[in-house]
Structures are given as structure tokens and as C-alpha cells.
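Chain by chain, the residues run as shown.
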2 protein chains.
Amino acid sequence: MKSFYTVLILLFIGLGTSAQTNSTEDSLNIRKIYDMSLLNGKSYTWLDHLSNEIGGRLSGSYGAEQAVEYTKAELEKLGLDKVWLQPVMVPKWTRGGREFAYVQTGPGQTRNVNITALGGSVATPAGGTKAEVIEVQGIEQLKEYGKENIEGKIVFYNRPMRADLIQTFEAYSGCVDQRYSGAKEAAKYGAVGVIVRSMNLRLDDLPHTGSMSYGDMPVKDRIPAAAISTNDAEYLSGILKIQKDLELYFKMNCEQHEDVQSYNVIGEITGTETPEEIMVVGGHLDSWDLGDGSHDDGAGVVQSMEVLRLFKEIGYKPKKTLRVVLFMNEENGLRGGNKYAEVAKSKSENHVFALESDAGGFTPRGFGFTSNDEQYEKILSWKSLFEPYLIHYFHRGGGGADISPLKGGNTVLAGLRPDSQRYFDHHHAANDTFEHVNKRELELGAATMTSLVYLVDKYGLESTAKDSLNGTD
Amino acid sequence: MKSFYTVLILLFIGLGTSAQTNSTEDSLNIRKIYDMSLLNGKSYTWLDHLSNEIGGRLSGSYGAEQAVEYTKAELEKLGLDKVWLQPVMVPKWTRGGREFAYVQTGPGQTRNVNITALGGSVATPAGGTKAEVIEVQGIEQLKEYGKENIEGKIVFYNRPMRADLIQTFEAYSGCVDQRYSGAKEAAKYGAVGVIVRSMNLRLDDLPHTGSMSYGDMPVKDRIPAAAISTNDAEYLSGILKIQKDLELYFKMNCEQHEDVQSYNVIGEITGTETPEEIMVVGGHLDSWDLGDGSHDDGAGVVQSMEVLRLFKEIGYKPKKTLRVVLFMNEENGLRGGNKYAEVAKSKSENHVFALESDAGGFTPRGFGFTSNDEQYEKILSWKSLFEPYLIHYFHRGGGGADISPLKGGNTVLAGLRPDSQRYFDHHHAANDTFEHVNKRELELGAATMTSLVYLVDKYGLESTAKDSLNGTD
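The rules behind these values
- Residues numbered from 1 in each chain as written.
- Chains lettered and ligands numbered in written order.
- Predicted model: local features only at pLDDT ≥ 70, side-chain atom pairs only at ≥ 80, totals over all residues.
- Heavy atoms only, no water.
- UniProt positions renumbered as here; feature names shortened; annotations may be inferred.
- Helix = DSSP H or I, 4+ residues; strand = E, 2+ residues; numbered from the N terminus.
- Rg over C-alpha atoms; globule rule 2.2 N^0.38 Å.
- Contact = heavy atoms within 4.5 Å.
- Areas by Shrake-Rupley, 256 points an atom, 1.4 Å probe, with all protein chains shown as cover.
- Lys, Arg positive; Asp, Glu negative; His and termini not counted.
- Charge placed at Lys NZ, Arg CZ, Asp CG, Glu CD.
- Buried < 20%, exposed > 50% of the residue type's maximum accessible area, 1.4 Å probe, protein only.
- Pairing = 2+ DSSP bridges.
- Buried area = accessible area lost by both parts, 1.4 Å probe.
- Salt bridge = Lys/Arg side-chain N within 4 Å of Asp/Glu carboxyl O.
- Polar contact = N/O pair within 3.5 Å; in protein donor to acceptor, adjacent residues only side chain to side chain.
- Axes fitted to C-alpha atoms, helices over the stretch in contact; angles between N-to-C directions.

Per an unreviewed UniProt entry, chain A carries the name Carboxypeptidase Q and comes from Christiangramia gaetbulicola. UniProt lists a comment for chain A under the heading Subunit (unreviewed entry), and it reads "Homodimer. The monomeric form is inactive while the homodimer is active."

As C-alpha cells, then:
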């Protein structure tokens, strides 16, 4: 019996030591990752080029094409095992000449207001659209007013983002239906156009664009849709209270073209032990056209590229295959995300993990995870390794639009969660520009992503559960 | 026996219900605090005035005087039980005409570099100072070079802040001796001036000022000291490698005057149950003169005022006395902090708690605490109440310069810990301005402070331990 206990004790000591060693090794490797990113990072330089040399990268634009070429060339410099372009047809929508709008405050008196066409909107007639304005707090209010009050008018959606919500993405979700479906719904009541309060928590003069959809509405029935700055939304709402027959004029020159050829940009470090198991890190290469797309999603692009570079730099060879995927057309179509998942499925590829960064280049706070309980418990066991880096947010629910088509089976989806307070100050607006990204915050995000991928690679997320994927984006 | 168990069970249910009720009540009150701050806050409006109407508030300046008057008047509008000014004599140092500096890159060839006088520095001679430059990585290197290499030269302290440290205040602490004591030490070796690399983690063109001291060095031996922008520090270091006899010229016009009268601004809600127990919230009213001091420490000032206003707004009457103290002269003397503690001691006031906000108006992450173990355990028991607000950082060690003279006995000191990544981009520089403060981040900080003060008031931090204060600033 004595020897049995001795064996048992030695076994426990052994297990303890082994766990200890792993943990120390993990701490050291994660420290190396952060050091490399903060002291010798490449993400900020890449973002500088993407933002300042290329600029806005709307699908189908010259900027998007340049971004494909640039990131492919940069990935090739990293000495990855494979770099390739994955063809995907994307929609092409162009803004045309700058939009113009004013309100008629009196006979011969006008005041300009700041608007921008929503992505996907039709143009106004060549002479512009001028009509009375009816303000609503949301789509559901259209029914209340009915066709008799709406027909021939411009519908002004003015429900603001809720400032009391701590997580600003929640406030965004609570409003964005106005932007996405506002025109389609208002057209049913005979509206001639829609103006939507910008999805912005701050009061300022910048209109924020973003995608909208007419669904399957015939082209002839479609009405133009624009975002108005929050300051001008407040002004418009105020003046409407005293001047109920106020007319608004707006002119937009946007156009929807034939789909064009574009690409997802993909780079890969092939796994040394189980190359058939694939981990993806990614962001989206396209952006809106008003700013240079530094936060949305230049940051996610360069952070994802940096994950592979940091692996190389610290000399860690992943056991599983690690791919960076720079998705095209997240903003107005998700064609890149859908194409990537479609090809993966057609090849029966086994994606064990996908991580997206598409919430801005701000100080990272943690991650949201879409996984089953067993996988989530395993992930939680790594949380303490992130404490020295002030990464504290590990919650169910999360991923990203581009990787969402990979959902299914036991694929764990994760989304980087940066501090969200400033994100909607810049989102889809002219001030989403390089100078609003802080170098350290960007680099901390890249290191945080790399550390998580390192742990997923090392310990795996295999699960015996065949169902119960939990959490939503 | 049956009745005994029944009583016991009822007792447990009772305790459970009571704890439940308290916790629910606390959750609801904290939610009210955040809602009020985010939906109907006053902090941002106050900061707008302090920054844009008043501007820089260096001790002894007109701005500082205006800030005293403005904040006193605003506190009076809140309907507090008492508002008063606490007189304190403060040093008065003026910058004079803008500094000017260049390096002599060749005969008749110069290149300007961006410098700013350190607070407390003497001026250069009227014609400026021109001398060869010797670069060092810190004070300890002076000894290595010795008088033979230093005499007659300008010492250039160029040890950068460490980018690999996650907490930027740690990086600051590791460098600031160069700024504070660099001139005093270099003068011992016969240097004629010092140029210090700005305490800035970013490479840019803005020099960052800050306090320095000559200790008890006779006035005639004092040498002028300036900060140089990080870009120009890199440039200077680079050109010195190839042009070892490079000369630098600088001219500064600063002046130390007689001390002048100023004030701490204090407002109080007198406690309803134990008014002799005092809780303090505060920040410092003075700032450097280059920017408008929005982050340092306009943010802390308006957040502290907001704590009292939020208590009033949600209708919570504190049991203990709650004071806001807007300290004068934190930046170059700490006279206000010392005076407040001196008066408190002379009146044998019982300060149970003091909370300072002086780390910028960025997204709050939590607090640092200086307390004994028992007090800290109690504080930790409140942590989960902050989770919905993404407040996660509760650590030992912390407070603030102004409240540090209150240390002793069982007084718990706490410091708000906002996200620190961007702080030193702005600290003591011309870009510490209003547009770099985000309204929501500022308001979240005010609500976070208010919530903590609410819990301290409600549950107390009495301790049986009479020693073992732990943690440092």
C-alpha cells in the first residue's frame, strides 16, 4: 500500500509540476507576444499605409483593389507557407458627387444640413427631392401615422442611440433598423425619401453612412435614403415642432453598378501536427468611403496580420493551421465572409476556431465567445493568464459578421472586444481616420488576439458535445 | 426542537432576504447613479467651461483664480450644506515669452527643435545658452561620464518611457526622475543646462512640461531645464551620433515670483447620522499652462463635483459627511493638499475615506486602494456590483497626490483608475485639451466614483486593526 500512495503522491506532484511548467511557459510566451507587439510591432505601420496611402476602401473601388494588392504583398513578405487571393464577386455602389440638403425655413430662407447617402440607396431625381417632413421615433410608428400622413413626405427617423447603455454596440443594435430598413418600410406608406439620424452617441456635425436594403422591392418603387448628423437631427426635430409644414430638400447622386470581381486575401502558416485543423483570424478589408476606415476595420485587418507575424517573431510554430483572412465586402454585402465559408464547406475543411476583430482599434478589454459550455469552461481556465494585461472581459456571445457563416459544428467563434465608448463617434463617418487610432491600443489588441490563438493552438478546443453551440453575435 | 429549527430557518431566510434586499437596493441605486450621469450629467458642461472659457490654470495665474471663483459658484448652485474657500499660499512661476531652441547643424545652418521650460526652471541668460550636448540615459550615467565630460555642456536626458509596460503610470515613474532632479544633479557636474526627453510614449512634436526641483541649491548655481518633444529627442540623439560636437542653443524666459494667495475650493453635504465621519472626493484645480488641463485634472475636478450633484439628484442623503475638495497647486508644490490635511489635523477631523481622480477622463477601469487588509476585503465584497459597468480593476495601492497627506490612522485612500493608454499623449502638453475628452468616458468615471462613495457611506470602512495600512500611491 505504501508504494501505491507513493506513486499517487508522485503522480500528483508530477501533474502539479507539469501544470506549473505549462503555466509558466504560457506566461512567458504571452509576455513575449506583448513585448514584441509593443516594442517592435508592425500593425501601426501597416495601418498608416492602409489609411494614409490608400484610404477609403469601399467594395468595388480602386481603394479596395489597392488594399488587396498591398496586404497580399505584405503577407508575402512574412514568409508564410501560403498566401493567396480568393475570388469573390462584390456589389459596387458609388456615392457620386457630394450630397446636398437644406431646410426651407421661410420664403427664400434656407439652412443647410449635413447629410450623407446611405450605402445602397438610390439617387434622388436629378433636380433633387423636396417635400414636407414627418418625424418618427421608429419603423413601428409608421403604422400609427398611416398613409394619410406619410404619403408624399420625407420620413425622418430620429430615435437616438441610448446613452444609458454601457455597451455601445447594444445601443447601436437598438437603432440600426431605422437605417437598414427605414426606406423600405416608409416606401410602403408612400414616402418620397427618408432621412435617418446618424448612429452616433455624440452630438456633432458628421453624418454617418452605413448599409441599407430595399429587400425585393421593385427598383421603380425605391426611395432615396440619407443619414443626417446628430446636431442637425436635433435642429430638424426642434424646428419641426414650431414649423410643422417645413420642407426639406436633398439631392444625392449615388448609383448601383454591376457586381465586380474582388478578393479575400488569405495567408497561412500550415500546422506542424494537425494541419487539417484550421484556426482563422480576420477582419474586413473593405471600408466605407467617407473616412479612411482606420477603426472600421483597418485596425482589425492589421491586427489579424500581426497575429501571424508575432507567431513567426517569437518562433512559435502552431500545431494547427493558422490562417489570416482579410474579408472583402463586410460593409455592404458580406460576400467575402459568405464566399470563404462556402469554399471551406465545399472542401470539407475543419475550422476549429475563428476570431474576428471588427470593433475598432481601441484598448482591448477581452472577448466574446460563441461555443458550447465545455469549450467555454476551457477558455475560462485561461483567463488568469490575461490579467497582467488588464484583459478581463470573457463572455458568452460574440464573433463577427465575416466569420458568422462559419458557425456550426464545434467551431468556436470569438470576437475581440475593445473599449467601445468612442467607437460610434467615428463609425462610418469622415472622422474614422488614422489619427484617431492610438498606437499602443492597436498593438495591445494584436497581442491579445495572438495570445488567445496561441492558447487555442496549444490546448485545443475539442469538444465531446455535438450540439449546444451557445451565444450569438 | 421543532420551534428552534423553525426560528433558525426563519432567521436564515430573514438574513437571506435582508442581504438580498440590500444588494438589490444597491444595484438599483448604482443603476440610478449611472443613468443620471449618462443621461443628465453636468460634468461635461462644467469641463467645457473650465477648459474653453478659462483654460490653463497654473497656480498663481489669472486662470487659477477664475477657476476658484467658477467652481465655488457652481458648487453654491447645488444646494450643498456648506461651500467655502480654504486659503493657501502657492508658488507662482511664469513661463514668459515662448521658448526657442535650435541645433547648429553646420556653419550658418540650424534646425529648430521643440522645447518647453520645465516648471520651476530658471531662465537662460538673456542671450540664451549655447553649448555642446552630452546625451545620457539617466542621472546615474552622470557619474560615469564625470565632470571632465560634462562641464560647460548641456546634458540631454533621453531615457524613454518603457513601451512594454502595460500600465503607463509605471513607465512614467521609471523616467520622471530625469525631469524632476535632472537639472539639480547635472549642475553638480558643471553642466550649463539640461534638455529632457518629454514624458510621452508617442513620437510627436509636442514638448511636455512638468515640475522640477533644485532642492536647496543656491539660486546662483541653478541651470535652466527644458523638455524636448519625443520626435526632436530622436533627432537630437541621431545627429549626435554623427556630429559629436553638435551645439544646441536655447532661450527661456521663465521666472519664479513671490508666493501668492490662493484657495482650495470645498463643498459639503453634512452627514445625517455620523457627520463627524468625513469622506472626501477630489481632484486638483490647477493645471499646467500649455493646454487647458482638460484631462489633468479638469476631468477629476468636474467628476468630483458631480459625485455630490448625483447624490442630490438621486435623493440619497449620506449618513457621513461628504466633501468635495478641489485642491490648488498639485502640479508644482502640493500646497493645497498639504494645507487641507494640516487644517483637518488641527481640527482633529476624522477622515474615514478619500478618493481622488487625477489620471485623466478616460474610460474608468476601477480603483487602487490604500487600506488595511480588513478594509480591502470589505471593499472587494462590493466588486460584483460594478460588473455591469465593466469596472473590474480593484487593486491594492492607490490614492492620489493631493489626498496623500491624509494618509494615516484608518483613513482609506483610493484613486480612480481610468484606462491609461492615451494619458501620456496629452499629459502636461499643449494637446491636453477639451476635444480629447470623451463625454461618455468622463461621465462613466463620475458615476463609478459616486457608486463607490455611496457604498462606503452605506456600509462604512470601520476597522478594528489599528495598523497595517497597506499600499502606496
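Having seen it, we continue.
Across its full length, chain A carries 13 helices and 16 strands. What you see for chain A is a C-alpha radius of gyration of 25 Å, in line with the 23 Å of a compact globule of 473 residues. For chain A, the spread of C-alpha atoms along the three principal axes comes to 100 × 45 × 40 Å. Long-range pairs, those at least 24 residues apart, make up 83% of the contacts in chain A with a sequence separation of at least 6. As displayed, chain A has an accessible area near 18,500 Å², and 52% of this comes from carbon and sulfur atoms. Each charge class in chain A was averaged separately, 49 positive and 64 negative side chains, and the resulting centres sit 2 Å apart.

Residues in a regular strand project their side chains so that they alternate between the two faces of the sheet. All names here are of chain A. Counting buried positions over the seven residues of strand β2 (residues 100-106) gives five, a clear majority of the element. Here β2 runs beside strand β9 (residues 247-251); their pairing, made up of five bridges, is antiparallel. By the bridge assignment for β9, Ala 101 is matched with Phe 250. Two elements, β2 and strand β3 (residues 109-112), share four bridges in a ladder whose sense is antiparallel.

Of the residues lining the interface, 30 residues belong to chain B; the matching set on chain A comes to 30 residues. Together, Ile 166, Arg 422 and Arg 440 of chain B form the three largest contributors to the area buried by chain B at its contact with chain A, with a combined 28%. For the interface between chain B and chain A, the tally reads two salt bridges. Across the pair Glu 441 of chain A and Arg 422 of chain B runs a salt bridge, and its minimum N-O distance is 2.9 Å. Linking chain B to chain A there are 18 residue pairs in polar contact (both at pLDDT 80 or more). Here the side of chain B that touches chain A takes five residues from helix α1 (residues 2-40) of chain B, the largest share from any one element.

All names here are of chain B. With respect to topology, eight strands assemble into an open sheet ordered β3-β2-β9-β5-β6-β7-β8-β4, the strand pairing being mixed. Pairing within the sheet leaves two strands with one partner each, and these edge strands are β3 (109-112) and β4 (115-117). The average angle at which neighbouring strand axes cross in this sheet is 35 degrees, direction not considered. As paired elements, strand β7 (residues 193-197) and strand β8 (residues 225-228) share four bridges and run parallel to each other. Bridge pairing in β8 links Val 194 to Ala 225. Sheet strands touched by helix α4 (residues 140-150): β5 (129-136) and β6 (154-157). Its angle to β5, the strand with the most contacts, is close to 145 degrees.

All names here are of chain A. Burial analysis of strand β7 (residues 193-197) places five of its five residues in the buried class, the great majority of the element. Here strand β6 (residues 154-157) runs beside β7; their pairing, made up of four bridges, is parallel. Bridging from a neighbouring strand, Val 155 pairs with Val 194 of β7.

Residues and elements named next belong to chain A. The step from Asp 296 to Asp 297 runs through a cis peptide bond, and the omega angle for that step is 5 degrees. The backbone of Asn 329 sits at a positive phi, close to 70 degrees, despite the residue not being glycine. Note on placement: Asn 329 falls in the loop between β12 (320-327) and α10 (335-346). Since its relative accessible area comes to 0%, Asn 329 is described here as buried.

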